[in-house]
Amino acid sequence: MTDRWESPVLVGGTGRSGSTIVGHLLDHHPSLTLTRPMEVRFITGNDGLADALAIGIRKPGSAKAQAAAELALDRMLNRWFERAENVGLHTSMSREDVATLGAVYLSDFRQDPRAATCTLTRAVMARVATNINADRWVDTTPANARKADRVEPIYPKSTVVIVHRDGRDVAASFTQQSFGPDDVFDALEQWGQRMLRIHRAVQASRPDRIVEIDLVDLVDRNRYDTVAHLCAAIEVDVPSSLLTWFDENVTSAGAHHGRWRQQFSEDVCRLIDARYQQICEHLTGQGVRIPPASA
């Protein structure tokens, strides 16, 4: 295992916030490789290894901690193993491999949850990194942002890139997907809850591990300075190959800024905006950083 595998780049956000485009951008750096699947999920996804470890640290040796570890392994073996034909851990290893590693994980978890979690995570990610010939890997599981603190004991040298986007655009985007809330107001509530969780995770993390960027800056307002800031935080240069891809693929039209205004009637837009302002006021009172308006 190379030392570079110990310092992954974990990109995340609220969902529909731009983490995927940032992952593809970083994939065009010669020193960075986007994981396949680009969202491995088993580390920071709901009821994943990071969640189980958090319980194991709080309640070491408890039945609750062991149940959380068992659930995390079950999700690795089932929910996240083969999500589609070419999406899942099955592209890098067999189910039997995961089960064998998982048995050791469960056996060791009660005594030392952190060591057990680190051993399993590194073993699986070594297979993934080897399969894609990665020197340093980049994952875009959205939950990386709201689990930044929980992944720190597993990868203390990781960098977490958090991509922020106007919550009204996030909510509008979710209503067009086959996953997440179908109702724009439910999606707004989810955005607010996730923003608060991200804020709390950032507060509980080492500051030098975290870099926060706004999608509207990356796409429109401050393009090249944002790219430079991102690369500096990851401690890589800004090669011409990355900038060429950036110029050709990261566009204002592709970002759909202000899509919420086009997607709904004027009356609904007024209700969306009013509720969004209420949510932002609540978040601001909690110390949460609100992204700039997209339009």
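In what follows, the structure referred to is the one given above.
Right, let's walk through the structure included here.

Procedures and definitions
Residues numbered from 1 in each chain as written. Predicted model: local features only at pLDDT ≥ 70, side-chain atom pairs only at ≥ 80, totals over all residues. Heavy atoms only, no water. Helix = DSSP H or I, 4+ residues; strand = E, 2+ residues; numbered from the N terminus. Rg over C-alpha atoms; globule rule 2.2 N^0.38 Å. Contact = heavy atoms within 4.5 Å. Areas by Shrake-Rupley, 256 points an atom, 1.4 Å probe, with all protein chains shown as cover. Buried < 20%, exposed > 50% of the residue type's maximum accessible area, 1.4 Å probe, protein only. Lys, Arg positive; Asp, Glu negative; His and termini not counted. Salt bridge = Lys/Arg side-chain N within 4 Å of Asp/Glu carboxyl O. Polar contact = N/O pair within 3.5 Å; in protein donor to acceptor, adjacent residues only side chain to side chain. 1 Å grid on protein atoms, 1.4 Å probe; cavity = no way out; pocket = protein on both sides within 12 Å on 5 of 7 lines; lining within 4 Å. Points joined across faces, edges and corners; volume = space filled by probe spheres on them. Nonpolar A, V, L, I, M, F, W, Y, C, P; charged D, E, K, R; others polar. Phe/Tyr/Trp six-rings, centres within 6.5 Å; stacked < 30°, edge-to-face > 60°. Pairing = 2+ DSSP bridges.

1. Here's the deal with the overall build of the protein chain
- Counting secondary structure elements, the protein chain contains 14 helices and 5 strands.
- Its C-alpha radius of gyration of 19 Å places the protein chain within 12% of the 19 Å reference for a compact globule of 295 residues.
- C-alpha extents for the protein chain along the principal axes are approximately 55 × 45 × 35 Å.
- When contacts within the protein chain are restricted to residue pairs at least 6 apart in sequence, those whose partners lie at least 24 apart make up 76%.
- Approximately 12900 Å² of the protein chain is accessible, and the part contributed by carbon and sulfur atoms is 48%.

2. Examining the side chain of Asp 139
- By the element assignment, Asp 139 lies in strand E3 (residues 137-139).
- Buried and without a salt bridge, Asp 139 has Arg 83 as its closest oppositely charged side chain, separated by 7.6 Å.
- Reaching out from Asp 139, the side chain makes a polar contact with the backbone nitrogen of Val 40 at a distance of 2.8 Å.
- Once residues lying within four places of it in the same chain are set aside, the contact partners of Asp 139 are Val 9, Leu 10, Val 11, Thr 35, Met 38, Glu 39, Val 40 and Asn 144.

3. With respect to empty space enclosed by the protein
- Enumeration according to the criterion identifies 1 cavity of 30 Å³ or more in this entry.
- There is about 40 Å³ of room inside the largest cavity.
- Around the largest cavity, the lining residues are His 164, Arg 165, Asp 166, Asp 214, Leu 215, Val 216, His 257, Pro 291, Pro 292 and Ser 294.
- Grouping the constituent residues of the lining of the largest cavity by class yields 4 nonpolar, 3 polar and 3 charged.

4. Thoughts on the packing of aromatic side chains
- Summed over all chains, the structure comprises 5 aromatic pairs.
- Between Tyr 224 and Phe 246, the ring centres sit 5.8 Å apart and the planes meet at 80°, which makes this aromatic pair edge-to-face. Pair noted here: Tyr 224 is in helix H10 (residues 223-234) and Phe 246 is in helix H11 (residues 240-249), with a separation of 22 residues, a long-range link.
- Tyr 224 gets classed as partly exposed once you look at its relative accessible area, which sits at 44%.

5. Thoughts on the pairing of strand E1 (residues 9-12)
- Of the two faces of E1, both are covered, the one formed by Val 9 and Val 11 as well as the one formed by Leu 10 and Gly 12.
- The pairing of E1 with E3 spans 2 bridges and is classified as parallel. Bridged to Val 9 within E3 is Val 138.
- Of the strand pairs in this sheet, E1 and strand E4 (residues 159-164) are connected by 4 bridges, and their pairing is parallel. Considered in E4, the bridge of Gly 12 is made with Ile 162.

6. Overview of the pattern of salt bridges
- This model, assessed by the stated rule, comprises 16 salt bridges.
- Between Lys 147 and Asp 51 there is a salt bridge, with its nearest N and O atoms 3.0 Å apart. One end of the pair, Lys 147, is in the loop between E3 and helix H6 (148-151); the other, Asp 51, is in helix H2 (residues 49-58), with 96 residues separating them in the sequence.
- On the accessibility criterion, Lys 147 (2% relative accessible area) is buried.
- The class of Asp 51 is buried, set by a relative accessible area of 12%.
- Between Asp 273 and Arg 168 there is a salt bridge, and its shortest N-O distance comes to 2.6 Å. In this pair, Asp 273 sits in helix H14 (residues 266-285) while Arg 168 sits in helix H7 (residues 167-174), placing the two residues 105 residues apart along the sequence.
- Taking relative accessible area as the criterion, Arg 168 reaches 5% and is therefore assigned buried.

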